[in-house]
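Survey of secondary and tertiary structure
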Amino acid sequence: MQNTGVLISGASVGGPALAHWLARYGFAVTVVEKAPALRLGGQAVDFKGEAHLTVLARMGVLDDVRRLQTGGADQLIVDTNGRTLAVMPGTFSGGDVEIARGDLSKLLYDRTSADCEYVFGDSITSLTETPAGVHVTFERAAPRTFHLVAGADGIHSNVRRLVFGPESRPVRHLGHYYALAGIDGGFGEQAMMYNEPGRMVAVGGSSAPAFFVFASEPLDYDRYDLQQQKDILARVYAGMGWRTAAVMEQVRTSDDVYLDAIAQVRIGRYRAGRVALLGDAAYGNTLGGFGTGLAVVGAYVLAGELAAARGDHRVAFARYEEQLRGYARVARNGNAGPFLAPATRTRIRLRNLIFRSGFLLGMMLTLTDKFATNIDLKDYTGASPR
C-alpha cells in the first residue's frame, strides 16, 4: 500500500502503546499531544491478570514495568484521630503490578520515540475524510493527510468530539469528582485514607500525590485553570477533620493540581470511516481499575488487526471493535465514587467491613481477576501491512 501513515492523538499510555505496535508492523506513526511535554507524575496505575501481563510481555516491557513498580503498598483507612479502622491491601488497589502513570508513559515514549514522530504542544482542529485518507488541520502545525487516525486522547477526547459529536452525548457524569495534587509530603511513608460522608482524602508516601474524591453535581470550571481547581478543593474540603487542613495548606501552594469528574464513556461504536477510538476515549470509566490495562490490550488488538488486514481499516476496525466490545464491558460495571467516598457514615462502615472480611475481599478480587482476563488474545506474530 502506498500510504500507511497513522496519526495518533494522545501521548499518555494508549497512544504510545499503539505507536509501539504500529511501528513494529511497519507503519509510519505520528503522535500529537496537546501538552507541551510528556506528562510525568500522576497517580499509580496497575495491571492485573494474564491478558494484561501477556501483552506487556509481548511488548518486551514487562520486566521494566516490574523494575519501576511502586509496590502496591497497603493503605490504612483511619478515623479523625488517626486510629486504623481497616486496611485496604495493596493487592486490591495495585493489581499484579503497579506503576506510576508518568513512569509508564516515559517508558513507552522512550521505547517508541526513535521510530515514531512525536509532536508536543499541538492539537487537532479538524478531520476531513478524503479519497486519499484523512485531511488533518492542527492548532499550530501545517495541515497533513494521514491514512488513518486514532484517538487515544482520554475521556475528554478531542478526536471523539470532532468525529462523533459533543462530549455531552457519550460521557456520563457519575456524581463524583476526583483530584490529584502534588504536595511536599510530611505525612509519613504509610499511605492513609480518611472519610467523611461524601468526601475522601488520602496521603502518604514520599512522592505520592494527595488524592481526593468527593460527591458533587456537575461543576462549571476550566480544567486548565489551576486556580479554579484549587478554589473548588478549598471550598469542598473546608472544615474536614483529621489532617485535612494541613493537606489543603500544601495544595494551596502546589503548581501540580488536577481535578476532573468521575465519568463513564458510553458510545455505540469505536470507529467511523478511517478514525478509531482507543482506551478511555472509547471505553473509559474513571478510577474503574481497568483503564490502563484496557488501553494497552486495545492498542495490541487494534495494531495487530491493522497489520493482519494489511492496512485495510474497514476489516481491521470491525475486528478490533468485535473483540474489545465484550472485553471493555467491564468499564460499564461500577462507579468508584460511592465506594471511595460513601454518602453516609453507615455506608463508610459497610465499605470498611469489606476490608476487614477476608471472604468479602476475596470475592471482589476474584471477580476483578475474571473481568481482567475475559479476552482471547490473538497472536499477530508475523503480521505486516506490506
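Residues numbered from 1 in each chain as written. Predicted model: local features only at pLDDT ≥ 70, side-chain atom pairs only at ≥ 80, totals over all residues. Heavy atoms only, no water.

The protein chain goes by FAD-dependent oxidoreductase in an unreviewed UniProt entry, where it is assigned to Nonomuraea diastatica.

Before going further, it helps to spend a moment on helix α11 (residues 313-327). Count 3.6 residues to each turn of an α-helix, and residues three or four apart come out pointing the same way. The end-to-end C-alpha distance of α11, which contains 15 residues, comes to 21 Å, matching closely the 21 Å that a straight helix rising 1.5 Å per residue would cover. Of the residues making up α11, those classed as buried are His313, Ala316, Phe317, Tyr320, Glu321, Gln323, Leu324 and Tyr327. Between the side-chain oxygen at the start of α11 and the backbone nitrogen of arginine 314 there is a gap of 3.1 Å, and the oxygen is on aspartate 312. (Helix = DSSP H or I, 4+ residues; strand = E, 2+ residues; numbered from the N terminus. Expected span 1.5 Å × (residues − 1). Buried < 20%, exposed > 50% of the residue type's maximum accessible area, 1.4 Å probe, protein only. Polar contact = N/O pair within 3.5 Å; in protein donor to acceptor, adjacent residues only side chain to side chain.)

On to the sheet that holds strand β8 (residues 124-130), then. Strand pairs in the sheet, formed through backbone hydrogen bonds, run parallel or antiparallel to each other. Read from one edge to the other, the open sheet built from 3 strands follows the order β8-β9-β10, with strand pairing classed as antiparallel. The sheet is open, and its two edges are formed by β8 and β10 (144-146), each paired on a single side. Strand-to-strand twist across the sheet, computed as the mean angle between neighbouring axes with direction ignored, equals 30 degrees. Strand direction decides the pairing type here: β8 and strand β9 (residues 133-138), joined by 6 bridges, are antiparallel. Considered in β9, the bridge of threonine 128 is made with histidine 135. (Pairing = 2+ DSSP bridges. Axes fitted to C-alpha atoms, helices over the stretch in contact; angles between N-to-C directions.)

So, on to the environment of alanine 295. Residue position: alanine 295 is located in helix α10 (residues 291-308). In the structure, alanine 295 is positioned 33 residues away from alanine 328 in sequence and 9.6 Å away in space, judged by C-alpha atoms. Every residue in contact with alanine 295, bar those within four places of it in the chain, is listed here: Gly14, Leu278 and Gly279. (Contact = heavy atoms within 4.5 Å.)

Moving on, we come to the pattern of salt bridges. Summed over the entire model, instances satisfying the criterion amount to 17 salt bridges. With a closest N to O distance of 3.7 Å, glutamate 139 and lysine 34 form a salt bridge. Taken together, the positions of glutamate 139 in the loop between β9 and β10 and lysine 34 in the loop between β2 (28-33) and β3 (44-47) put the pair 105 residues apart, joining distant regions of the chain. We classify glutamate 139 as partly exposed; its relative accessible area is 43%. Under the relative-accessibility criterion, lysine 34 is labelled partly exposed at 40%. (Salt bridge = Lys/Arg side-chain N within 4 Å of Asp/Glu carboxyl O.)

Our next topic: the layout of surface pockets. Size it by volume and the second largest pocket reaches roughly 240 Å³. The wall of the second largest pocket is formed by 14 residues, among which His156, Glu167, Tyr177, Asp260 and Ala261 lie closest to the centre. Of all the secondary structure elements, the ones that give two or more residues to the lining of the second largest pocket are β12 (171-181) and β16 (257-265). With 4 residues, the top contributor of residues to the lining of the second largest pocket is β12. Partitioning the lining of the second largest pocket into residue classes produces 7 nonpolar, 3 polar and 4 charged. (1 Å grid on protein atoms, 1.4 Å probe; cavity = no way out; pocket = protein on both sides within 12 Å on 5 of 7 lines; lining within 4 Å. Points joined across faces, edges and corners; volume = space filled by probe spheres on them. Nonpolar A, V, L, I, M, F, W, Y, C, P; charged D, E, K, R; others polar.)

The next subject is the packing of aromatic side chains. As enumerated under the stated definition, the model contains 15 aromatic pairs in all. Relative to phenylalanine 120, the ring of tyrosine 118 has its centre 6.0 Å away and its plane inclined at 15 degrees; by these criteria the two rings are stacked. The class for tyrosine 118 is buried, based on a relative accessible area of 14%. Assessed through its relative accessible area of 23%, phenylalanine 120 is described here as partly exposed. Each ring, one from phenylalanine 212 and one from tyrosine 237, has its centre 5.0 Å from the other, and the planes form 65 degrees; the classification is edge-to-face. Here phenylalanine 212 is found in strand β15 (residues 210-215), whereas its partner tyrosine 237 is found in helix α7 (residues 226-237), with 25 residues between them in sequence. In this structure, phenylalanine 212 and tyrosine 237 share a single accessibility class: buried. Site record: aromatic cluster; members linked through ring pairs are Tyr177, Phe212, Phe214, Tyr221 and Tyr237. In this structure, lysine 34 is placed above the aromatic ring of tyrosine 224, and the distance from its NZ or CZ to the ring centre is 5.7 Å. We note arginine 325 situated over the ring of tyrosine 270; from NZ or CZ to the ring centre the distance is 4.2 Å. (Phe/Tyr/Trp six-rings, centres within 6.5 Å; stacked < 30°, edge-to-face > 60°. Lys NZ or Arg CZ within 6 Å of the ring centre and 35° of its normal.)

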